[in-house]
Amino acid sequence: MVPMTRVVAQGTFDLLHPGHVHYLEDAATYGDELHAIVARRSNVTHKPAPILCAEQRRDMVSALAAVDDAHLGDPEDVFVPIRRLDPDVIVLGFDQHHDEGQIADALAERGIDCRVERASGREPRYEDELLSSGDIIDRIVRRRGGCGDA
Ligand SMILES: Cc1cc2nc3c(=O)[nH]c(=O)nc-3n(C[C@H](O)[C@H](O)[C@H](O)COP(=O)(O)O)c2cc1C
Ligand SMILES: Nc1ncnc2c1ncn2[C@@H]1O[C@H](COP(=O)(O)OP(=O)(O)OP(=O)(O)O)[C@@H](O)[C@H]1O
């Protein structure tokens, strides 16, 4: 019996778009089952906070065919879900602000045997396609009025 390869992907996944679908479909190719960890609002500090609550973002990611299960991230320790899920592979997004080497070192320090990969990017296919949650929000603000990252 060949053991199942468990893959983890992660992100904010605020307003879903084809880039997220590409990321998760690419991540799924690294193994047999894909688990997505959805970032808590409090842990999204490198850009404006997501508009949608974590539960809603988790539910949407979970509905994607490529995703076997989606999980709310731990509020304090990003390695809590990793220990629980015990993945064989963590796949970072093509532009995700994490360094593969630093993640690999942190996993080794914790005795977690898991390799780190990076997914490919999805280029726009249509003239008006938006492949960024932030860009989608900015367009909404521009077209519906408002003051941007409120
Ligand atoms: C291996 C790994 C585990 C993570 N686990 C958590 C977690 O438990 N809780 C959480 O809020 N975020 C977690 N994150 C997500 C990060 O907090 C970060 O916000 C996430 O990468 C979102 O960045 P992005 O949406 O800009 O790609 C994890 C990220 C990585 C790489
Ligand atoms: N066009 C894309 N192609 C491939 N992966 C993508 C694309 N857009 C986002 N991703 C990946 O999806 C994951 C989650 O992305 P995130 O939730 O930060 O959305 P985002 O659209 O990148 O947000 P923003 O552009 O507002 O920062 C990240 O790992 C990111 O690399």
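A quick note: this is a predicted structure, and the numbers were derived from the prediction, not measured.

Even after reading the chapter, I still don't get the overall build of the chain, so can you show me in this structure?
What the chain contains, in helices and strands, is 5 helices and 5 strands. Element order for the chain, N to C, with α for helix and β for strand: β-α-β-α-β-α-β-α-β-α. In terms of overall dimensions, the chain has a C-alpha envelope of 55 × 35 × 25 Å along the principal axes. Per-residue burial for the chain yields a buried fraction of 25% across its 150 residues. Long-range contacts, defined as pairs at least 24 residues apart, comprise 73% of the intrachain contacts of the chain with a sequence gap of at least 6.

Mind showing me how you'd approach the site of ligand 2 here?
As a structural note, the neighbourhood of ligand 2 is formed by 19 residues, with Gly-11, Gly-19, Gly-93, Ser-132 and Gly-134 the closest of them. Counting only elements with at least two residues in the shell around ligand 2, the list comes to helix 1 (18-28) and helix 5 (133-144). Ranked by residues supplied to the shell around ligand 2, first place goes to helix 1 with 4 residues. The class makeup of the residues in the shell around ligand 2 is 4 nonpolar, 11 polar and 4 charged.

Sorry if this is basic, but what is going on with the UniProt feature "binding site: ATP" (unreviewed entry) in the chain here?
UniProt's entry tags Thr-12, Phe-13, His-17, Pro-18, Gly-19, His-20 and Asp-95 with the feature "binding site: ATP" (unreviewed entry), counted in the numbering of this structure. Locating His-20 in the fold gives a position in helix 1. Using a count of 25 C-beta atoms within 10 Å as the deciding quantity, one classes His-20 as buried. Along the chain, Asp-95 falls in the loop between strand 4 (89-92) and helix 4 (100-109).

Can you walk me through the nonpolar core in this structure?
It is characteristic of soluble globular proteins that their nonpolar side chains tend to be buried jointly. Counting residues in hydrophobic clusters, the biggest one holds 22 residues, and the most contacted among them are Val-7, Ala-9, Leu-24, Ala-27, Leu-34, Ala-36 and Val-91. Every element with two or more residues in this core is listed here: strand 1 (6-11), helix 1, strand 2 (33-38), helix 2 (54-62) and strand 4. Not counting chain neighbours up to four residues away, the residues in contact with Ala-36 comprise Ala-9, Gln-10, Leu-24, Val-61, Val-67 and Ala-70.

I keep staring at the site of ligand 1 and nothing clicks. Help me out?
Around ligand 1 lies a shell of 21 residues, among which Thr-12, Arg-40, Asn-43, Gly-73 and Val-78 are the nearest. Sorting the residues of the shell around ligand 1 by element identifies strand 1, helix 3 (79-85) and strand 4 as the ones contributing at least two each. Examining the composition of the shell around ligand 1, we find that 3 residues originate from one element, helix 3, more than from any other. For the shell around ligand 1, the per-class residue count stands at 10 nonpolar, 9 polar and 2 charged.

Hey, could you run me through the pairing of strand 4 in this one?
It is a general feature of regular strands that their side chains alternate between the two faces of the sheet. By the bridge criterion, 2 bridges tie strand 1 to strand 4 in an arrangement that is parallel. Each bridged residue has a counterpart across the sheet, and for Val-8 the counterpart in strand 4 is Ile-90. As defined by bridge partners, strand 4 adjoins strand 5 (residues 115-118) across 4 bridges and the pair is classed as parallel. Residue pairing for strand 5: Val-89 is matched across the bridge by Arg-115.

About the cut-offs
- Residues numbered from 1 in each chain as written.
- Chains lettered and ligands numbered in written order.
- Predicted model: local features only at pLDDT ≥ 70, side-chain atom pairs only at ≥ 80, totals over all residues.
- Helix = DSSP H or I, 4+ residues; strand = E, 2+ residues; numbered from the N terminus.
- Buried ≥ 20, exposed ≤ 12 C-beta atoms within 10 Å, placed from the backbone.
- Contact = placed C-beta atoms within 7 Å.
- Near = placed C-beta within 6 Å.
- Nonpolar A, V, L, I, M, F, W, Y, C, P; charged D, E, K, R; others polar.
- UniProt positions renumbered as here; feature names shortened; annotations may be inferred.
- Core = buried A, V, L, I, M, F, W, Y, C linked by C-beta atoms within 7 Å.
- Pairing = 2+ DSSP bridges.

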